[in-house]
Amino acid sequence: MHIPDGFLSPPVWLSLDVVSVLALGYVARRAQRGMEETRIPLLGVMGAFVFAAQMINFPVGVGTSGHLVGAALLAITLGPAAAAVVMTAILAIQALVFQDGGILALGANVMNMALAGVLAGYLPYHYWSAGRLRKPAIVLGGLLSVAAGAGLAVAELLLSGVRMPAAVLGVSAALFLLTGVLEGLITLAVVQGVEALNPGMIRQPSRTRAAVLGALALAAVLLAVGGVLAASQAPDVLESLAERLGIAPQARALLATPLADYEAQVFSSPWLRKAAAGLVGLGLIYGACVALGRLAARRKRG
């Protein structure tokens with residue numbers, strides 16, 4: 001789902017950079033109005049958990065993998081405005097530190113996952129969470145968050161002049177759909193797990209118990225350290241689509257980093273490289289989200 005630099009034409013990525021900055025300004029003000037000091041640790045822990053989950057690819061068929069995006073999960077647990085800010089922090093650190101997603105294309109990735117993905121993931125929950133449709137609404141939110149992000153990514157490639165044969169597009173659409181269904185099921189499982197530990201937390205995040213924060217933090221560490229051992233090495237759906245279209249060689253990294261591809265190159269062991277990079281990422285994401293939360297709370301008080 002992360003578009004690298006080199007895939008989008010300058011008019012497309014530049015336009016999306018501008019639009020995303022303007023939209024994030026509005027979203028940040030909305031998040032600031034609802035920010036409470038007691039919610040700040042939850043922002044950091046949920047950001048770290050989603051980052052760790054995104055590192056774990058699972059097979060979805062025909063030599064392709066998928067991974068949790070987390071837009072719907074963040075929207076349900078944090079609210080849509082705070083979720084968009086947290087997802088933006090994740091995407092920025094992934095691009096700048098791990099070379100996952102382009103720097104010039106960051107606006108596109110923010111639009112696809114942090115803005116459209118969060119909104120699409122939240123709407124079913126917003127309208128149907130109060131009744132018997134609550135569980136289907138959560139699953140549908142996960143599905144729609146992936147569908148929205150994938151649909152926009154494909155549209156951006158088309159606007160950039162990338163030709164897509166109908167057969168290739170059809171296969172990719174089916175794989176995105178399957179990934180979306182799995183996203184919805186994983187989102188439901190995590191939400192139910194959180195509510196089992198802390199009933200009512202989703203509706204009143206200010207009452208989050210320390211046990212929930214500890215469980216999510218432990219899960220994030222286990223995913224970053226142990227989950228990478230079982231992660232699929234197959235390309236994700238967008239990478240697979242790029243290979244089928246012949247544009248994969250166009251991907252380029254504008255900034256060399258020591259943690260590129262989620263590997264700390266100072267270690268010789270493949271597992272240590274992945275695990276160390278994952279732990280560094282957890283710390284960076286947690287710190288960035290907590291800092292943003294404190295800034296928002298301080299401005300709200302002012």
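Note that the coordinates shown come from a computational prediction; the quantities given were computed from them, not determined experimentally. (Residues numbered from 1 in each chain as written. Predicted model: local features only at pLDDT ≥ 70, side-chain atom pairs only at ≥ 80, totals over all residues. Heavy atoms only, no water.)

A. Expanded view of empty space enclosed by the protein. Counted by the stated rule, this structure contains 2 cavities of 30 Å³ or more. The calculated volume of the largest cavity comes to roughly 80 Å³. Around the largest cavity, the lining residues are Met 1, Ser 65, Gly 66, His 67, Val 69, Val 146, Phe 176, Thr 179, Asp 236, Val 237 and Leu 238. When contributions to the lining of the largest cavity are tallied by element, the ones reaching two or more residues are strand 2 (64–66), helix 7 (166–197) and helix 9 (237–245). Classifying every residue of the lining of the largest cavity by side-chain character gives 6 nonpolar, 4 polar and 1 charged. A volume near 40 Å³ is recorded for the second largest cavity. (1 Å grid on protein atoms, 1.4 Å probe; cavity = no way out; pocket = protein on both sides within 12 Å on 5 of 7 lines; lining within 4 Å. Points joined across faces, edges and corners; volume = space filled by probe spheres on them. Helix = DSSP H or I, 4+ residues; strand = E, 2+ residues; numbered from the N terminus. Nonpolar A, V, L, I, M, F, W, Y, C, P; charged D, E, K, R; others polar.)

B. Structural context of the layout of surface pockets. Looking at the largest pocket, its volume works out to about 1,000 Å³. Around the largest pocket, the lining comprises 40 residues; the ones closest to its centre are Asp 100, Glu 239, Asp 261, Tyr 262 and Lys 274. Those elements that place two or more of their residues in the lining of the largest pocket are helix 4 (80–98), helix 9 and helix 10 (270–301). Residue composition of the lining of the largest pocket, grouped by class: 21 nonpolar, 9 polar and 10 charged. In this model, the second largest pocket occupies a volume close to 390 Å³. If you trace the second largest pocket, you find 19 residues lining it, with Arg 30, Gly 79, Pro 80, Ala 81 and Ala 82 closest to the centre. Broken down by element, the lining of the second largest pocket gets its largest block of residues, 7 residues, from helix 5 (residues 106–128).

C. Spatial organisation of the nonpolar core. Core analysis: the biggest nonpolar cluster contains 96 residues, and Phe 51, Leu 73, Leu 74, Leu 78, Met 87 and Leu 157 have the highest contact counts within it. For this core, the element with the most residues is helix 4, which contributes 12 residues. Beyond its immediate stretch of four places on either side in the chain, Leu 73 contacts Met 46, Phe 49, Val 50, Leu 68, Thr 187, Val 190 and Val 191. (Core = buried A, V, L, I, M, F, W, Y, C linked by side-chain atoms within 4.5 Å. Buried < 20%, exposed > 50% of the residue type's maximum accessible area, 1.4 Å probe, protein only. Contact = heavy atoms within 4.5 Å.)

D. Structural detail: the pattern of salt bridges. Tallied over the full model, the rule gives 2 salt bridges. Salt-bridge contacts for Arg 134 lead to Glu 195; the nearest nitrogen and oxygen are separated by 2.6 Å. Of the two residues, Arg 134 sits in helix 6 (residues 134–159) while Glu 195 sits in helix 7, which places them 61 residues apart along the sequence. The partner of Arg 273 in a salt bridge is Glu 263, and the shortest N-O contact between them spans 3.6 Å. Of this pair, Arg 273 sits in helix 10 while Glu 263 sits in the loop between helix 9 and helix 10, and the two are 10 residues apart along the sequence. (Salt bridge = Lys/Arg side-chain N within 4 Å of Asp/Glu carboxyl O.)

E. A look at the pairing of strand 1 (residues 58–61). Direction of pairing for strand 1 relative to strand 2: antiparallel, over a ladder of 3 bridges. Bridging across to strand 2, Gly 61 finds its partner in Thr 64. Hairpin connection between strand 1 and strand 2: a loop of 2 residues separates the two successive antiparallel strands, and Val 62 in this loop has a positive phi of roughly 45°. (Pairing = 2+ DSSP bridges.)

F. Focus on unusual backbone geometry. One non-glycine residue, Gln 99, adopts positive backbone phi at about 55°. Looking at the secondary structure, you find Gln 99 in the loop between helix 4 and helix 5. A residue is classified by how much of its surface remains accessible, and Gln 99, at 26% relative accessible area, is partly exposed. Even without being a glycine, Tyr 262 presents a positive backbone phi close to 60°. With respect to the helices, strands and loops of the structure, Tyr 262 is situated in the loop between helix 9 and helix 10.

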